[in-house]
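What follows is the residue order along each chain.
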Amino acid sequence: MLIKSARHAAAALALVLFTIPAVQAQTTQTATFAVNAINQIAFTGAPSMTITTAVAGSAPTSVTDATSTWAVTTNQTGAKITASIASNMPTGLTLSATLAAPAGATSAGIKALSTVAVDMVTGITKLAQSAMLVTYQLDATPAAGVIATATRVVTYTITGGV
Amino acid sequence: MKITRALPIVLGLLLSSSRPATAQPTTVLKVSGSPTMTINTAVPGTQPTAVTDASTTYTVSVKQTDGLQHITAQIGVLPMPANTTLSITMALPSAGGTGFGPVTLSLTPQIVIGNIPKVSGSSGSITYTFSATAAAGVVSGQRFVTFTLVAGA
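What counts and what doesn't
- All chains use their own residue numbering, which begins from 1 and follows the written sequence.
- Numbering of ligands from 1 and lettering of chains from A proceed in the order in which they are written.
- Selection of residues for local features in this predicted model requires a pLDDT of at least 70, selection of side-chain atom pairs for listing and counting requires 80 or more, and totals for whole chains, interfaces and linings are taken over all residues.
- Helical segments are the DSSP runs of H or I of at least four residues, strand segments are the runs of E of at least two, and each set is numbered from the N terminus.
- Whether a residue is buried, exposed or partly exposed is read from the other C-beta atoms within 10 Å of its own C-beta, which are placed from the backbone; 20 or more gives buried, 12 or fewer gives exposed, and intermediate counts give partly exposed.
- Contact criterion: two residues are in contact if their C-beta atoms, reconstructed from the backbone, are within 7 Å.
- Residue type decides the class: Asp, Glu, Lys and Arg count as charged, Ala, Val, Leu, Ile, Met, Phe, Trp, Tyr, Cys and Pro as nonpolar, and the leftover types, Gly among them, as polar.
- The pairing criterion for strands is at least two bridges between them, as found by DSSP.
- Core membership is restricted to buried Ala, Val, Leu, Ile, Met, Phe, Trp, Tyr and Cys residues, and these are joined into a nonpolar core through C-beta atoms within 7 Å.

Undergrad: How should I be thinking about the overall build of chain A in this particular structure?
TA: Each helix and strand in chain A was counted, giving one helix and 10 strands. Put simply, chain A runs from its N terminus to its C terminus through helices and strands in the order α-β-β-β-β-β-β-β-β-β-β. Relative to its full complement of 162 residues, chain A shows a buried share of 22%. Across chain A, every contact between residues at least 6 apart in sequence was considered, and the portion connecting residues at least 24 apart equals 75%.

Undergrad: Where do I start with the interface of chain A and chain B in this structure?
TA: How large an interface is tends to be reported as the accessible area lost when its parts come together. Of the residues lining the interface, 37 residues belong to chain A; the matching set on chain B comes to 53 residues. If you list the elements that add at least two residues to the side of chain A that touches chain B, you get α1 (2-18), β1 (23-35), β2 (39-44), β3 (63-74) and β9 (127-140) of chain A. In terms of residues, the side of chain A that touches chain B owes the most to one element, β1(A), which gives 13 residues. Grouping the amino acids of the side of chain A that touches chain B by side-chain chemistry returns 19 nonpolar, 16 polar and two charged. Judged from the 12 bridges that link them, β1(A) and strand β10 (residues 139-151) of chain B form a sheet pairing that is antiparallel. Note that in β10(B) the partner of Val23(A) across the bridge is Val150(B).

Undergrad: Before we go on, may I ask you to explain the nonpolar core in this structure?
TA: When a protein is soluble and globular, its nonpolar side chains tend to lie buried together. One finds Val60(B), Ile71(B), Leu86(B), Ile88(B) and Met90(B) to be the most contacted residues of the largest nonpolar core, which totals 29 residues. With five residues, the single largest contributor to this core is strand β9 (residues 119-132) of chain B. For Ile88(B), the contacting residues outside a window of four places in its chain are Ala73(B), Gly101(B), Pro102(B), Val103(B), Leu105(B), Val112(B), Ile126(B), Thr127(B) and Tyr128(B). Grouped together as the second largest cluster of nonpolar side chains are 19 residues, Met89(A), Ala101(A), Met132(A) and Tyr136(A) included.

Undergrad: Is there a simple way to think about the sheet that holds strand β10 (residues 154-159) of chain A in this case?
TA: Strand pairing in a sheet relies on backbone hydrogen bonds. The paired strands run either parallel or antiparallel. Residue and element names in this part refer to chain A. Pairing is antiparallel in the open sheet, where four strands are placed in the order β6-β8-β4-β10. At either end of the open sheet lies a strand with only one pairing partner, and these are β6 (106-107) and β10. The sheet contact formed by strand β4 (residues 79-85) and β10 spans six bridges and is antiparallel. When the bridges of β10 are listed, alanine 83 appears paired with tyrosine 156.

Undergrad: How do you make sense of the pairing of β10(B) when you look at a structure like this?
TA: On a regular strand, one side chain projects to one face of the sheet and the next to the other, so that they alternate. Inspection of the sheet shows strand β4 (residues 69-76) of chain B paired to β10(B) by eight bridges, in the antiparallel sense. By the bridge assignment for β10(B), Gln69(B) is matched with Ala151(B).

Undergrad: Just to check I follow, could you spell out unusual backbone geometry for this structure?
TA: Phi is mostly negative for residues that are not glycine, and the peptide bonds are mostly trans. Looking along the chain, the bond that leaves Gly76(B) and enters Val77(B) is cis, with omega of -5°. The backbone of Lys126(A) sits at a positive phi, close to 40°, despite the residue not being glycine. Tracing the backbone through its elements, the reader meets Lys126(A) in the loop between β8 (118-124) and β9. Of note, the phi angle at Asn115(B) is positive, near 55°, even though the residue is not glycine.

Undergrad: For this particular structure, what's the right way to read the sheet that holds strand β7 (residues 103-104) of chain B?
TA: Residues and elements named next belong to chain B. Spatial ordering of the open sheet is given by β1-β3-β9-β5-β7, a layout of five strands whose pairing is antiparallel. The open sheet terminates on both sides in strands that have one partner only, identified here as β1 (28-32) and β7. Sheet topology places strand β5 (residues 84-90) next to β7; two bridges connect them, and they run antiparallel. Each residue of the ladder has a partner; that of serine 87, found in β7, is threonine 104.

Rendered as structure tokens:
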């Protein structure tokens, strides 16, 4: 009787041992995360342009500067870049800019800059892209005369994403 | 009748075998804290800046009889949102082990620390890193991270 009982006990123990799971302990932690709206742009370079000549009988020859670049990161849809300057250009002078568009967006092409913000690039959606070309152009009419060196700060703004 | 007689013996054996002859550390894995991470900026032209949270800790105890143990981690019930990742690194316990961090969490358990020998009440930091690409858009959520102590191979 004792032997049989011992056999039962051994069988039960074996069953218990074989059913012990490999998991020794378990615990849980809650991680909370978020990504807020991000709209970041940067422009590099300090363009400089001087008009020095003209074709006889024509307006002074325009000059361009293509040494600047810009970069953008946005995680929104349909953002756009606008540009403006703090004070208008002297009479007879026009400062314009062209921004290369990042993938999937649309450049407005060359745009004259003034105190009223103008769209430069539209349809910027969820991307990060850098080293895009900015081309500035300075135009003058003979009526502008000789103008001493002046500067304008061009303000670019990213807006409109949803 | 035989089973009825055998039952007390079996129970007695089970109970006696579960009583430690000497005080041994209990196998334990605990975590404390709830990490929170928010991405809200980027360097223009690059992906949003990842954020980390190193405010939470774990405590582990492994008995001599357990042998080498692994700590695995996984998230549930849903995977992370598209274009986001959540990864963790766990500091090694005082008794040592093999660190596999940073480990990107998924619905499948992955070893974060392997080959943990006998150790009693050793605590370490858990560092979470949350990253996202611009394509992720604006998102928020929570995930349960399950840590499991399992027998090593």
